[in-house]
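The lines below spell out each chain.
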Amino acid sequence: MKAVIQRVKHASVTVEENVVGKITEGYLILVGVAEGDTLEDAQILAKKTANLRVFTDENDKMNQSILDIDGEILAVSQFTLCADVKKGNRPSFAHAAAPDSANALYEAYCDELLKNGVKKVEKGVFGAHMQVELLNNGPVTILYDTEIWRKN
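What you are looking at is a predicted structure, and each value in this text was computed from that prediction instead of being measured. (Residues numbered from 1 in each chain as written. Predicted model: local features only at pLDDT ≥ 70, side-chain atom pairs only at ≥ 80, totals over all residues. Heavy atoms only, no water.)

Peer 1: Is there a simple way to think about the overall build of the protein chain in this case?
Peer 2: Scanning the protein chain for helices and strands turns up two helices and eight strands. Computed over C-alpha atoms, the radius of gyration of the protein chain comes to 15 Å, within 12% of the 15 Å expected from 2.2 N^0.38 for 152 residues, which places it in the range of a compact globule. For the protein chain, contacts bridging at least 24 residues in sequence account for 73% of all contacts bridging at least 6. A total of about 8,700 Å² of accessible surface is found on the protein chain, and carbon and sulfur atoms cover 48% of it. Positive and negative side-chain charges in the protein chain, numbering 17 and 22 respectively, have mean positions lying 4 Å apart. (Helix = DSSP H or I, 4+ residues; strand = E, 2+ residues; numbered from the N terminus. Rg over C-alpha atoms; globule rule 2.2 N^0.38 Å. Contact = heavy atoms within 4.5 Å. Areas by Shrake-Rupley, 256 points an atom, 1.4 Å probe, with all protein chains shown as cover. Lys, Arg positive; Asp, Glu negative; His and termini not counted. Charge placed at Lys NZ, Arg CZ, Asp CG, Glu CD.)

What follows is the structure, given as structure tokens:
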């Protein structure tokens, strides 16, 4: 699984002119599920996300997690994170997980964030055309890929 984690002052996602998810300070996370990803990937990614320390402490050091600041998360499924751009100019999405599997792992990731202590997790609408708005704070953007934590 892949995640683009952006530290935000606020974020929202709209589908067909209806706001379906909205948060204040925390993370906007774009989530990509690849072929072969498992529940273990969702669990690892959620734990790493909840404990990521990119919020500033009293000494202006990035030393606090979303749990420490009582922040919120807006998670948006984005299969385009699994794009293969090795050949030509048009990306291939052949390595993205099938929709049913991808949605199940996206939902599992969101559930795991709550189990790891995140107070609020809002979501986009899986498979929908969405408009995402955010005020990136920093900017701070972190890329995660569970492939680096898989046991060999």
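Peer 1: Even after reading the chapter, I still don't get the environment of Ile69, so can you show me in this structure?
Peer 2: Relative to the helices and strands, Ile69 is located in the loop between strand E5 (62–65) and strand E6 (72–77). Once you skip the residues sitting within four places of it in the chain, Ile69 turns out to touch Glu25, Phe55 and Gln64.

Peer 1: How should I be thinking about the side chain of Asp37 in this particular structure?
Peer 2: Examined against the element boundaries, Asp37 turns out to sit in the loop between strand E3 (26–32) and helix H1 (39–51). For Asp37, a relative accessible area of 10% gives the class buried. At 2.8 Å, the side chain of Asp37 forms a polar contact with the backbone nitrogen of Met1. If sequence neighbours within four positions are ignored, Asp37 has contacts with Met1, Gly32, Leu105, Thr146 and Arg150. (Buried < 20%, exposed > 50% of the residue type's maximum accessible area, 1.4 Å probe, protein only. Polar contact = N/O pair within 3.5 Å; in protein donor to acceptor, adjacent residues only side chain to side chain.)

Peer 1: Explain unusual backbone geometry here, please?
Peer 2: Note: most residues except glycine have negative phi, and most peptide bonds are trans. A cis amide bond, omega 0°, links Gly138 with the succeeding residue Pro139. Relative to the elements of secondary structure, Pro139 occurs in strand E8 (residues 131–145). Phi is positive for Glu17, close to 70°, though the residue is something other than glycine. Secondary-structure assignment places Glu17 in the loop between strand E1 (2–15) and strand E2 (18–23).

Peer 1: Could you clarify how one ought to interpret the nonpolar core in this entry?
Peer 2: Where a protein is soluble and globular, its nonpolar side chains tend to be buried together. By size, the foremost hydrophobic cluster in this structure holds 29 residues, and its most contacted members are Met1, Tyr27, Ile29, Ile73 and Tyr109. At seven residues, helix H2 (residues 99–115) tops the list of elements feeding residues into this core. Listed in part, the 11 residues of the second largest apolar core include Val4, Val8, Leu28 and Leu30. (Core = buried A, V, L, I, M, F, W, Y, C linked by side-chain atoms within 4.5 Å.)

Peer 1: I'm lost on the packing of H1 against H2 in this one. Help?
Peer 2: Each pair of packed helices can be summarised by the angle the axes make with each other and by the distance between the axes. Remark: H1 packs on H2, axes separated minimally by 8 Å, with the N-to-C direction vectors making an angle of 40°. In terms of crossing hand, the pair formed by H1 and H2 is right-handed. For the pair formed by H1 and H2, the contact residues are Leu39, Ala42, Gln43, Leu45, Ala46 and Thr49 on the first element and Leu105, Ala108, Tyr109, Glu112 and Leu113 on the second. Its residues placed into classes, the contact of H1 with H2 shows eight nonpolar, two polar and one charged. (Axes fitted to C-alpha atoms, helices over the stretch in contact; angles between N-to-C directions. Left-handed = near helix turned anticlockwise from the far one by under 90°. Nonpolar A, V, L, I, M, F, W, Y, C, P; charged D, E, K, R; others polar.)

Peer 1: How should I be thinking about the environment of Val33 in this particular structure?
Peer 2: Structurally, the position occupied by Val33 is in the loop between E3 and H1. You can call Val33 buried: its relative accessible area is 5%. If we skip the residues at most four places from it in the chain, Val33 touches Met1, Cys82, Ala96, Ala97, Ala102, Leu105 and Tyr106.

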